[in-house]
Amino acid sequence: MSKSNWIKRFEPLTGEDLIKKAKETLKWLENYCHIEGDTEYYDIKPGKEVADDELLLSKTGIYGGGAGVALFFLRLYKSTNDETYLLHAKRSINYVISHYKGKENFIAKTKYLEGAEIGFLNGPAGGAYAASKLYDITGDEKYKDFAIKVTNDLVDSAHEEEVGLTWYGFYGILGEGGLILYLLDVYKRYGVENYLNIAKKAATYVANQKENAPNGGYRWYVMDTESFPTIGKAGGYFPGFEYGAAGSGYIMATAYEYTKDEEFLSIAKGAADYIEGLAVYSEDKDAALIPYNDTYLKDLFYLGVCQGPIGTSRLFFKLYEITGEEKYKDFVIKLTNGILATGAPQKHSEGYWRTNCYCCGAAGMVEHFINIHKLTNEDIYLKAAKEAAETLIGESTYDDKKHYTNWYTAWNRHEPWTSDAYTGLYHGSTGCAASLIALAQYLDSGDYYPIYLEDPYKEIFD
């Protein structure tokens, strides 16, 4: 019996289905929208209070706040050409602009991971990046002016040390490392030479934090492992992307692209050597995974963006783009096969817990599998992207009376019993919906609208 003659709702997803689900997410989001004049903002965690100093959950940030929600609207606008969504994006960025206080926003008010508080994902630079994306579409100079203002304040807030330039010293992509990527992007956009100079000095600071790894290559002690209760002991090193060696190496490789400083490229290759040395391979060597930490919990394997193969592969893809060496592309594919070998996206595991978000869940997998399909043209990865989308939709909560969709996620693996419906891009429902839009766009045109600064795979589509 043909499936189409059986139960319609179990037919394979189409681009139209994916956009419909994204619009249902918007219906849910509208319940938590606050419009004030020409601005709007959204509750970060509907029904629950969020402390002003809670890491990554600022109302204006790109990770969990208004700047990220604006990027969701821009992707939806690009997919539908519906001016309503562009208006939402404008009002969201207007809110970000109206709450910017200048250099004061680059002063950390907490002592925990200070550089993360003012970094790209949590601080003003994320809003400036989103404003630049809006400027690209609208040509409205106020968005460019805001981006330039934030960037100048960012530059003025840094301080030079003997080993380079920094803000607070937390140099992972989760923190100040993301600011380096932002400075390079804004230099590319607007051509201000000083932005490149500052980025190079900040990259030099990261370069000088490297250590020789016992088994070869370079590693970085980006943050204390005892920050997490599941590790609880000092001395371990993270090999992953957002706060580990892959991210530090990625900063080095990106800095090389702009400066042509061979030392940066050499260090990036050293980061790749270190990571490959930690890899656990399948018996046929076609799949690989990297332990979450190189000292403790060596049998824990994250599968997402922040500390899993999706983020880690970005260093190797970047090195492949720079050098043309097939070994780096091959390792990208091995890491991707590593995700599939675990049974993900359908099967959950300790490093891919009940987290429905872009940062560490199936939403990030959707976009990664799209990218790897574009890179390889192998059907297995397009199939994986579709299965990740179906898994994501299966994990969603649908209200059949109000016709809206959202996602609950256990964002913190160390508290897997706590599940909330966040609105944000990296850890909430707009990020899930954005990934479905990306797949719809890709199925329709072989392309999709890129919104993540630190995702280099967009270069495949240029």
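The structure under discussion appears in the preceding block.
Structure report, in brief. (Residues numbered from 1 in each chain as written. Predicted model: local features only at pLDDT ≥ 70, side-chain atom pairs only at ≥ 80, totals over all residues. Heavy atoms only, no water.)

**Some words on the overall build of the chain**
Counting its secondary structure elements, the chain contains 15 helices and 10 strands. Taking 462 residues into account, the globule formula puts the C-alpha radius of gyration at 23 Å, and the chain, at 21 Å, falls close to it. Overall, the chain is about 65 × 60 × 40 Å in size when its C-alpha atoms are taken along their principal axes. Here the chain holds 462 residues, and 60% of them are scored as buried. Contacts spanning at least 24 positions in sequence make up 68% of the contacts within the chain whose residues lie at least 6 apart. Surface accessibility of the chain: about 18100 Å² in total, with carbon and sulfur atoms responsible for 46%. Treating the 47 positive side-chain charges of the chain as one cloud and the 66 negative ones as another, the clouds have centres 3 Å apart. (Helix = DSSP H or I, 4+ residues; strand = E, 2+ residues; numbered from the N terminus. Rg over C-alpha atoms; globule rule 2.2 N^0.38 Å. Buried < 20%, exposed > 50% of the residue type's maximum accessible area, 1.4 Å probe, protein only. Contact = heavy atoms within 4.5 Å. Areas by Shrake-Rupley, 256 points an atom, 1.4 Å probe, with all protein chains shown as cover. Lys, Arg positive; Asp, Glu negative; His and termini not counted. Charge placed at Lys NZ, Arg CZ, Asp CG, Glu CD.)

**As for the state of the cysteines**
Counting across every chain of the model gives zero disulfides. Free cysteine Cys-33: the closest other cysteine sulfur is in Cys-432, separated by 19 Å. In this structure Cys-306 is a free cysteine whose sulfur lies 4.1 Å from that of Cys-359, the closest cysteine sulfur available. By relative accessible area, which is 7% here, Cys-306 ends up buried. (Disulfide = S-S within 2.5 Å.)

**A word on the pattern of salt bridges**
In this structure the tally under the stated criterion is 19 salt bridges. Among the salt bridges present, the one from Arg-91 reaches Glu-40, with a minimum N-O distance of 2.8 Å. Pair noted here: Arg-91 is in helix H3 (residues 83-98) and Glu-40 is in strand E2 (residues 39-42), with a separation of 51 residues, a long-range link. Across the pair Asp-420 and Lys-48 runs a salt bridge, and its minimum N-O distance is 2.6 Å. With a gap of 372 residues between them, Asp-420 in the loop between strand E10 (404-406) and helix H15 (429-445) and Lys-48 in the loop between E2 and helix H2 (66-80) connect regions that are remote in the sequence. Here the salt bridges share partners, and the residues they tie into one network are Lys-20, Lys-21 and Glu-24. (Salt bridge = Lys/Arg side-chain N within 4 Å of Asp/Glu carboxyl O.)

**Considerations on the environment of Leu-265**
Along the chain, Leu-265 falls in helix H10 (residues 262-278). For Leu-265, a relative accessible area of 7% corresponds to the buried category. Sequence separation between Leu-265 and Ile-173 is 92 residues; the distance between their C-alpha atoms is 18 Å. Excluding residues within four positions of it along the chain, Leu-265 makes contact with Tyr-256, Leu-319 and Ile-322.

**Brief notes about the layout of surface pockets**
Taken as a whole, the largest pocket holds about 970 Å³ of empty space. Lining the largest pocket are 35 residues, and of these Asp-52, Leu-57, Ser-58, Lys-59 and Thr-60 lie nearest its centre. A per-class count over the lining of the largest pocket returns 15 nonpolar, eight polar and 12 charged. (1 Å grid on protein atoms, 1.4 Å probe; cavity = no way out; pocket = protein on both sides within 12 Å on 5 of 7 lines; lining within 4 Å. Points joined across faces, edges and corners; volume = space filled by probe spheres on them. Nonpolar A, V, L, I, M, F, W, Y, C, P; charged D, E, K, R; others polar.)

**Comments concerning the packing of helix H7 (residues 177-190) against helix H9 (residues 245-259)**
At a minimum axis separation of 10 Å, H7 and H9 run at an interaxial angle of 20°. The angle between H7 and H9 places the two elements in the roughly parallel class. For the crossing formed where H7 meets H9, the hand is left-handed. Contact residues: Gly-177, Ile-180, Leu-181, Leu-184, Tyr-187 and Lys-188 in H7; Tyr-250, Ile-251, Thr-254, Ala-255 and Tyr-258 in H9. (Axes fitted to C-alpha atoms, helices over the stretch in contact; angles between N-to-C directions. Parallel < 35°, antiparallel > 145°, perpendicular 65-115°, else oblique. Left-handed = near helix turned anticlockwise from the far one by under 90°.)

**Structural notes on the pairing of strand E1 (residues 33-36)**
Within a regular strand, the side chains alternate between the two sheet faces. Two elements, E1 and E2, share four bridges in a ladder whose sense is antiparallel. Among the inter-strand pairings, His-34 is bridged to a residue of E2, identified as Tyr-41. From the end of E1 to the start of E2, which pair antiparallel, there are two residues, and Gly-37 there has a positive phi angle of about 65°. (Pairing = 2+ DSSP bridges.)

**Focus on the packing of helix H13 (residues 362-376) against H15**
It is at 8 Å that the axes of H13 and H15 come closest, and there the two elements cross at 25°. Considering their axes alone, H13 and H15 lie roughly parallel with respect to each other. Of the two elements, H13 crosses H15, and the hand of that crossing is left-handed. Packed against H13, whose contacting residues are Ala-363, Val-366, Glu-367, Ile-370, His-373 and Lys-374, the element H15 presents Gly-431, Cys-432, Ala-434, Ser-435, Ala-438, Leu-439 and Tyr-442 at the interface. Here the residues of the contact of H13 with H15 sort into eight nonpolar, three polar and two charged.

**A look at the side chain of Lys-45**
Counting through the fold element by element, Lys-45 comes out in the loop between E2 and H2. Here Lys-45 occupies a buried position and makes no salt bridge, while the nearest side chain of opposite charge, Asp-420, is found at 4.2 Å. In this structure, Lys-45 is in contact with Val-50, Glu-54, Asp-420, Ala-421 and Tyr-422, ignoring residues within four places of it in sequence.

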